Every structure is written in structure tokens, then in C-alpha cells.
Amino acid sequence: MPPYSYVELVPYREGKVELLVPNPETSWQSADVPVFLNPRAARVNRDVSALLLSVLKPKDVLDGMTATGIRGVRYFVESGIPEIAFNDINPRAIDLAQKNAKKYGVNARFYQKDFCVLCNEERFWAVDLDPFGSPAPFIWSAARAVRSGGYLLVSATDTRPLSGASPKQALAKYGTILRKPEWYPELMARVLYFLLFHAAAIHGKGIEPVLAFTYEHHVRVVARLREKPSLITKNAKQIGFYEIDGKQYGPIWTGPLQDRELARCALERWDSDYTRASKKILELASREPDVLGYYNVHLWSKRLKLKQIPRFDVITSALRDQGFVAERVLWSDKGIKTDADPQVFEEVLLSAGEDK
Ligand SMILES: C[S@@+](CC[C@H](N)C(=O)[O-])C[C@H]1O[C@@H](n2cnc3c(N)ncnc32)[C@H](O)[C@@H]1O
């Protein structure tokens, strides 16, 4: 394999590390570049993951599609993970990951294998799956490779099928019948947890959701997997449907999305080396009520022909005064999550609109 003489490597600082990466100005737009790095949306994904792993503290992590090695190096340096397994099918990626890991003295193993082959051969306390597009082709192997009590961290960027914008693709990739709801960013995480549930259950493992979020076109879910038949039975009861115009869609994961306490602990580790977006995600996750979906205040205000969008704090206080839970959501800055039914929400919005 030729060295990098024909690829411009530049220093790139992110979190608490500075690594050599292909020039981010020119290389993030295409999946065809020699070694891939997305310094924007994926950075937030990496920040949140590094903060979360510093709380979860697995004994090792498989950075299963590592590209530059940036996740694994950050998990070693920032999260204090004792051992990192770096893998990528692309030999140039592994060459670069080796250079970057060496700089920080990472206790590392390197593989250049197809993700599914490696996952069928070895077991890990945490598996990070970060593919281009959909994780569906890799999920069964990933769920198999996670030790009982370990973690599966999964990214997806195929937002059209996940959000219900392409129902045929959603059925093909995720085995579910979807229609795009007003809370579609959250739906994407619920479809991914459904995928995780099914993949884990096939290997005799149940899932415990830890954290789910979206940032731009990235969706990320993290779950703990346990070899525990009673957990699988419990999970099965949390698979269900959502309704639009009297019709049911799904199946999807209808259970909790966040472990609020773990999100709060991860938030305590945040400092100014991390993106503000990662802080906001963890803050909102640590308060997110266990309710399916949310109301899009902008859509409702338009529908109700309100002259102005009511203030969000006025809406949430009015709902809380009536005994409902009400919080802003991490899924959209237009959303409010509450257990109030649509009629109550409409009344609150109308009176908050009058108050303006
Ligand atoms: C989205 S990039 C990973 C980005 C990286 N995790 C980060 O945070 O910067 C996907 C990577 O998966 C690798 N890849 C694609 N198919 C693979 C497979 N079947 N097995 C292992 N690696 C694969 C590609 O070479 C590419 O480097």
C-alpha cells in the first residue's frame, strides 16, 4: 500500500486530541476520499460519545469503522478506556489510525477486516458502529460481538427511510411500516432501537436504552445489552405502534429513549473542549420525559392560525400548572414533549397565543 504522499494530511484538533487527518476542508464531502472524516455533524456525535463512555467505562471498545482512528483515540485519551480495538476494511485507514494511536500511546489492537467478520470472531465490552448510511447490514454482527452487560453505540445517516420519508426503503431496511410524523427526528431513534432490539434478541440479549439523539443528519443510539430472557420479554412489550389520522404505523420502540441519570453524569464531564451542541443534547436528554413523540409548536401555531408563536416557557408552565410533564426536546428546537393529549395542548397553545 503506498504511503500518504498523494493525500494531504493536516493536524486537526477535536476534543482533547490533535490528530493527523486528510484535509477536512476538502475531504469530508465524499465517501470516496481515501480516509473519511466529517468535522461537523459527526464531531458532535463523537463529543457526546466520548463524554458518555467516560461514565460507562467499558473495559475495551471496538472502534469498528474507525477511518482516521479519531473515535478510538478520543475514547482512550478522554474517556479513559483502557484498551481500544481499531478496525477498518480500508488499509489506508488502518495505517493512519496506527499513526494517530501511536502519538497518544493508545493501548491498541488493529484489524483490517470486514466489520461483520471481526464481530463474529471476537467479543468486546463496547462496540461502536459508525457506517456510511444505514447500520442495518452490520447490526446482527454488532449485537453478537457485545458481551453481556456491554454497550452498543450505533450511528445512522440514512434519515429518509428512518424518518418515514421513504416508506418503501424503511420497510426494506428496517422491517417497519412508517409514515412521517411531526416528531420524525425522534422516530429515527425509535426505529434504530427497534432494530437493536431485534438484533440483540436474536442473540439472546435484551436492550436497556442509554442515550439517543440526532444532530443534523446524524442519528445515534446507545444501549446496554444483557443476556437475560426476562429483559427480552420486557423489551417485546415496548415494541408498538404510533397513530396518524386514525391509522397505525410501526412497529417501533415505544419505551424510554434515555437513561436520564447517565446523561446527567456525562454532562458533568463537559468542558469548553467540547461543542456547545453536545452540552445541549446531554442537558435535554437528562430531562426528557418518557413520552412517545412530541408536539411541533410551529406547526400547531400555524394550524391554529396564531398570529405569533407563543413563548415556549409560557406553554410548558401552563402545562405543568395543570399537572402534566412538559419539556423542550433535544430532537428539535420547535418541539415540546408532554403527556397532555392533543385537545389539552391545543387549549394551552390558544391561551398562550392570546397572552402574547
Ligand atoms: C463513516 S466512516 C467512519 C468515520 C469514523 N468512525 C469517524 O468518526 O470519523 C465509515 C468507515 O467504514 C469503513 N467501512 C466501510 N465498510 C466497512 C466494512 N464492511 N467493514 C469495516 N469497515 C468498513 C470505511 O472504510 C470508512 O472508513
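Model, not experiment: these values are computed from the prediction.

The rules behind each value
- Residues numbered from 1 in each chain as written.
- Predicted model: local features only at pLDDT ≥ 70, side-chain atom pairs only at ≥ 80, totals over all residues.
- Helix = DSSP H or I, 4+ residues; strand = E, 2+ residues; numbered from the N terminus.
- pLDDT = per-residue confidence, 0-100.
- Contact = placed C-beta atoms within 7 Å.
- Near = placed C-beta within 6 Å.
- Nonpolar A, V, L, I, M, F, W, Y, C, P; charged D, E, K, R; others polar.
- Pairing = 2+ DSSP bridges.
- Axes fitted to C-alpha atoms, helices over the stretch in contact; angles between N-to-C directions.
- Domains from an automatic or database assignment.
- Buried ≥ 20, exposed ≤ 12 C-beta atoms within 10 Å, placed from the backbone.
- Right-handed = clockwise from strand over helix to strand, strands pointing away.

### Some remarks on the environment of K173
1) Next: Here K173 is to be found in helix α8 (residues 167-174).
2) Next: Separated by 38 residues in sequence, K173 and P135 have C-alpha atoms that sit 9.3 Å apart.

### So, the confidence of the model for the chain
1) Next: Averaged over all residues, the pLDDT of the chain is 95; the fraction at 70 or higher stands at 95%.
2) Next: For residues 1-5, every residue scores under 50 in pLDDT, and the model assigns this stretch four contacts once sequence neighbours within four places are set aside.

### A word on the site of the ligand
1) Next: M65, A67, I89, F115 and D130 are the nearest of the 20 residues found near the ligand.
2) Next: When contributions to the shell around the ligand are tallied by element, the ones reaching two or more residues are α2 (41-56) and α3 (70-77).
3) Next: Among the residues making up the shell around the ligand, the classes are represented as 11 nonpolar, four polar and five charged.

### Remarks on the sheet that holds strand β7 (residues 146-156)
1) Next: Strand order in the open sheet made by the seven strands is β5-β4-β3-β6-β7-β9-β8, with mixed pairing throughout. In this open sheet, the two strands that pair with only one neighbour each are β5 (108-111) and β8 (206-215). When the angles between neighbouring strand axes are averaged without regard to direction, this sheet yields 15°.
2) Next: Pairing of β8 with strand β9 (residues 218-226), which is carried by nine bridges, proceeds in the antiparallel orientation. Within β9, the position partnered with Y215 by the bridge is H218.

### Some remarks on the domain arrangement of the chain
1) Next: The assigned domain composition of the chain is domain 1 (4-285) and domain 2 (295-355).
2) Next: Using C-alpha coordinates to define each centre, domain 1 is positioned 32 Å away from domain 2.
3) Next: If you look at the interface, domain 1 gives nine residues, while domain 2 gives eight residues.
4) Next: In terms of residue count, the dominant contributor to the side of domain 1 that touches domain 2 is helix α12 (residues 276-285) (three residues).
5) Next: A per-class count over the side of domain 1 that touches domain 2 returns six nonpolar, one polar and two charged.

### Notes on the pairing of strand β1 (residues 9-14)
1) Next: As paired strands, β1 and strand β2 (residues 17-22) are joined by six bridges and run antiparallel to one another. The partner of R13 across the bridge, within β2, is E18.
2) Next: Adjacent in sequence and paired antiparallel, β1 and β2 are bridged by two residues, among which G15 carries a positive phi angle near 60°.

### So, the pairing of strand β6 (residues 124-129)
1) Next: The buried fraction of β6 amounts to six of the six residues, a majority that puts the element mostly inside the structure.
2) Next: Both β6 and β7 contribute to a ladder of five bridges, which runs parallel. Paired with L129 across the strands is V154, a residue of β7.
3) Next: Each parallel crossover has a hand, and for β6 linked through helix α6 (residues 139-145) to β7 it is right-handed.

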